[in-house]
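What the coordinates show
Listed below, chain by chain, are the residues.
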Amino acid sequence: MIRVCILGATGSIGVSTLDVIKQHAHQFKVVALTANQDVERLFQQCVEFLPSYAVMADAAAAEQLAARLAHFDEITVLSGVEGLKHVASLPEVDTVMAAIVGGAGLLPTLAAAQAGKRVLLANKEALVMSGQLFLDAVHQHGAQLLPIDSEHNAIFQCMPASFTQHGVKNLTAVGVSRILLTASGGPFRNYPLEQLGSVTPEQACNHPKWKMGRKISVDSATMMNKGLEVIEACWLFNTPPERIEVLIHPQSVIHSMVEYVDGSTLAQLGNPDMRTPIAHALAFPERMTSGVARLNLLEIAKLEFEPMDFARFPCLRLAYEAMQAGGTTTAILNAANEIAVEAFLAGKLRFTAIAELIEQTLSRLNGRAANTLEIILEDDTRARQLAEELLTTL
Ligand code: NAD
Ligand code: MG
C-alpha cells in the first residue's frame, strides 16, 4: 500500500492524480488532500477518498471545510502553510504529489523533500526558485524526485537505468549529448504578431492540446512555460542550458527526446494526457494502467517539427538568460512572471507586456548566490514588489 499526500488536490494535476489512484484503489491510500480556497471541491474529494487530513491554505476556507466535515471524525482539518508543510512531511506518508501552482508550492514541496519522501514534482516553479538548494535537500534527506511535467517525465523515461535508478547524475558519463524539449507552440504559434497585444485571457487559456490550470495555460501561450521547463530540466538532469534545445512539435505526441553520442535519439510518445506521467511516477519503477487511450499512430499519421521562434516568444529567451545568470535570477524571473500573468488574467496587462514586465524587473534587480532559503524568499518578495510597481507604467 502506497500512502499518498496530494498538495493541490483540487487543481488539474490533483484531479488527474485522484483519477489514476481511483483506478488502483487497492494499491494506494490517500492520507492527505490540500487546496487553496475551493472548499466545495475539496469537500467532495474528502467524502470520496476519506483522507486523514484535509488542508486549506486559506484560513477562512479551512473553517468552512471543518464545518462541512463536522461529522467526519477521522478527518483532521488544518490550514495555512504550516498545515501544508505538516501533511507533506507526515511519517505515514510515502509519496507526495507536489501540484500546487506557483511559488506558493515551494515551502510544502521542500518540506516533503526534507522529510525524505518520494516527491512527484509537477510544481516546476518550486524547483525554478530554489534549484540547488532543493536538490541538496533531496540528497541530504534521502528523498526521491520523480518528474511529472510531461516533458521531464519523457526525458526521464528515455534516460538509461544508470541515471534513473542508480543516481549517476552525469549526462556525459552515460553517453547523452543533448536533450530535445518539445513544445506544442501553444494557441498563438501562427497568430498574427501585430495582433498579439490585444489577445484575451480566454484566447490565451484555450490551449490546442492540453487542458490545464489558467496560470500554466498563459505560460504556455507566452512560452514562459517552456522557459521554466528548460530551467527545470537543467536541475533535474544536471545539465547546462546550452545542452537543451527547444523544438516546436504541434502534434504534442512526442513529449521530449534524449540524444546520445552514438547517433541514437530516444523519444517518449503518448496522447497528451497527464495521467500517463502521473501513473508512471506513482508506479515507478513498475508500470500500471492510467486510463489514457492507446496512441493511434495511423490516425496521427504525421509528426512535424519547427524551429523555435524566439522573436515571437521573448519569454523563452529571458528564461535561458536567467538560467545562465544563475543564483536567485531564476527566482526573480519566476516571481515577475507570476505577477505579470495574474495581472494579464485580471485584464490589467496586455499579453505582450508580460515579457516586458519580466524583462524590466530582471534589468532592475540583480540576482545573487542562492545560498539560503531566506535569500531566495527575500529576492522573490523584492521581485514581486518591483513588478507590482512597474505594472502601473506599462
Ligand atoms: P491548477 O490551477 O489547476 O491547480 C492548482 C492547485 O494549487 C489547486 O489545488 C489550488 O487550490 C492550489 N493552490 C493554488 N494556490 C495555492 C496557494 N497559495 N496555497 C496552496 N495551494 C494553492 O494548476 P495545475 O494546472 O494543476 O498546475 C499545478 C502545477 O503543475 C503547476 O506548477 C504547473 O506548472 C504544473 N503542471 C501542470 C500541468 C497540467 O497539465 N495542468 C502539466 C505540467 C505541469
Ligand atoms: Mg510541460
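Rules behind the numbers
Residues numbered from 1 in each chain as written. Chains lettered and ligands numbered in written order. Predicted model: local features only at pLDDT ≥ 70, side-chain atom pairs only at ≥ 80, totals over all residues. Heavy atoms only, no water. Helix = DSSP H or I, 4+ residues; strand = E, 2+ residues; numbered from the N terminus. Rg over C-alpha atoms; globule rule 2.2 N^0.38 Å. Buried < 20%, exposed > 50% of the residue type's maximum accessible area, 1.4 Å probe, protein only. Areas by Shrake-Rupley, 256 points an atom, 1.4 Å probe, with all protein chains shown as cover. Lys, Arg positive; Asp, Glu negative; His and termini not counted. Charge placed at Lys NZ, Arg CZ, Asp CG, Glu CD. Axes fitted to C-alpha atoms, helices over the stretch in contact; angles between N-to-C directions. Parallel < 35°, antiparallel > 145°, perpendicular 65-115°, else oblique. Contact = heavy atoms within 4.5 Å. Nonpolar A, V, L, I, M, F, W, Y, C, P; charged D, E, K, R; others polar. Donors = N, O, S within 2.8 Å, 3.2 Å for Na, K, Ca; no water. Pairing = 2+ DSSP bridges. Patch = residues over 30% accessible without salt bridge, like charges linked within 9 Å, V, L, I, M, F, W, Y side chains within 5 Å. Salt bridge = Lys/Arg side-chain N within 4 Å of Asp/Glu carboxyl O. Core = buried A, V, L, I, M, F, W, Y, C linked by side-chain atoms within 4.5 Å. Phe/Tyr/Trp six-rings, centres within 6.5 Å; stacked < 30°, edge-to-face > 60°. Lys NZ or Arg CZ within 6 Å of the ring centre and 35° of its normal.

Comments concerning the overall build of the chain
The helix and strand tally for the chain stands at 17 helices and 12 strands. The C-alpha atoms of the chain give a radius of gyration of 20 Å, which matches the 21 Å a tight globule of 394 residues would have. Principal-axis analysis of the C-alpha atoms gives the chain an extent of 55 × 50 × 45 Å. Classification of the 394 residues of the chain by burial places 56% in the buried group. As displayed, the chain offers around 16,300 Å² of accessible surface, 51% of which is attributable to carbon and sulfur atoms. The chain carries 30 positive and 41 negative side-chain charges, and their two centres are separated by 3 Å.

Side note on the packing of helix H14 (residues 314–325) against helix H15 (residues 329–345)
Two numbers describe how H14 lies on H15: the axes approach to 7 Å, and their chain directions differ by 150°. For the element pair H14 / H15, the angle class is roughly antiparallel. Across the interface between the two elements, Leu318, Ala319, Ala322, Met323 and Ala325 from H14 touch Thr329, Thr330 and Leu333 from H15. Of the residues assigned to the contact of H14 with H15, the class counts are 6 nonpolar, 2 polar and no charged.

Overview of the coordination of the magnesium ion (ligand 2)
Protein coordination at the magnesium ion (ligand 2) comes from Asp149 (OD), Glu151 (OE) and Glu229 (OE), with a distance range of 2.1 to 2.2 Å. In primary sequence terms, the donor set of the magnesium ion (ligand 2) follows D-x1-E-x77-E. You can see Asp149 sitting in the loop between strand S7 (144–147) and helix H7 (150–158) and its partner Glu229 sitting in helix H11 (residues 224–236), a full 80 residues away along the chain. Grouping residues by exposure puts Asp149 and Glu229 together as buried.

Quick look at the sheet that holds strand S10 (residues 254–260)
An order of S11-S10-S8-S9-S12 is seen for the 5 strands of this open sheet, with the pairing classed as mixed. Only two strands of the sheet have a single neighbouring strand rather than two, namely strand S11 (265–269) and strand S12 (306–307). Where strand S9 (residues 244–248) lies against S12, 2 bridges are found, and the strand directions are antiparallel. Looking at the pairing, Leu247 lines up with Pro307 of S12.

So, a nonpolar patch on the surface
Taken together, Leu269, Leu297, Leu303 and Phe305 make up a surface patch of nonpolar side chains, about 330 Å² in accessible area. Here Phe305 lies in the loop between helix H13 (297–300) and S12. According to the relative accessible area criterion, Phe305 is partly exposed, its value standing at 39%.

With respect to the nonpolar core
Ranked by internal contacts, the top residues of the largest apolar core, which has 137 residues, are Leu42, Ile148, Met159, Phe237, Leu333, Phe351 and Ile358. At 10 residues, the largest contribution of residues to this core is made by H15. Beyond its immediate sequence surroundings of up to four residues, Ile148 is in contact with Ile13, Met97, Leu120, Leu121, Ala122, Asn153, Met274, Pro277, Ile278 and Ala281.

Describing the packing of aromatic side chains
Summed over the entire model, instances satisfying the criterion amount to 6 aromatic pairs. Taken together, a centroid distance of 6.3 Å and an interplanar angle of 55° make the contact between Phe310 and Tyr320 tilted. Taken as a pair, Phe310 in the loop between S12 and H14 and Tyr320 in helix H14 lie far apart in primary sequence, 10 residues in all. Relative accessible area serves as the criterion here: at 13%, Tyr320 is assigned to the buried category. Between the NZ or CZ atom of Arg68 and the centre of the ring of Phe43, over which it lies, the distance is 4.1 Å.

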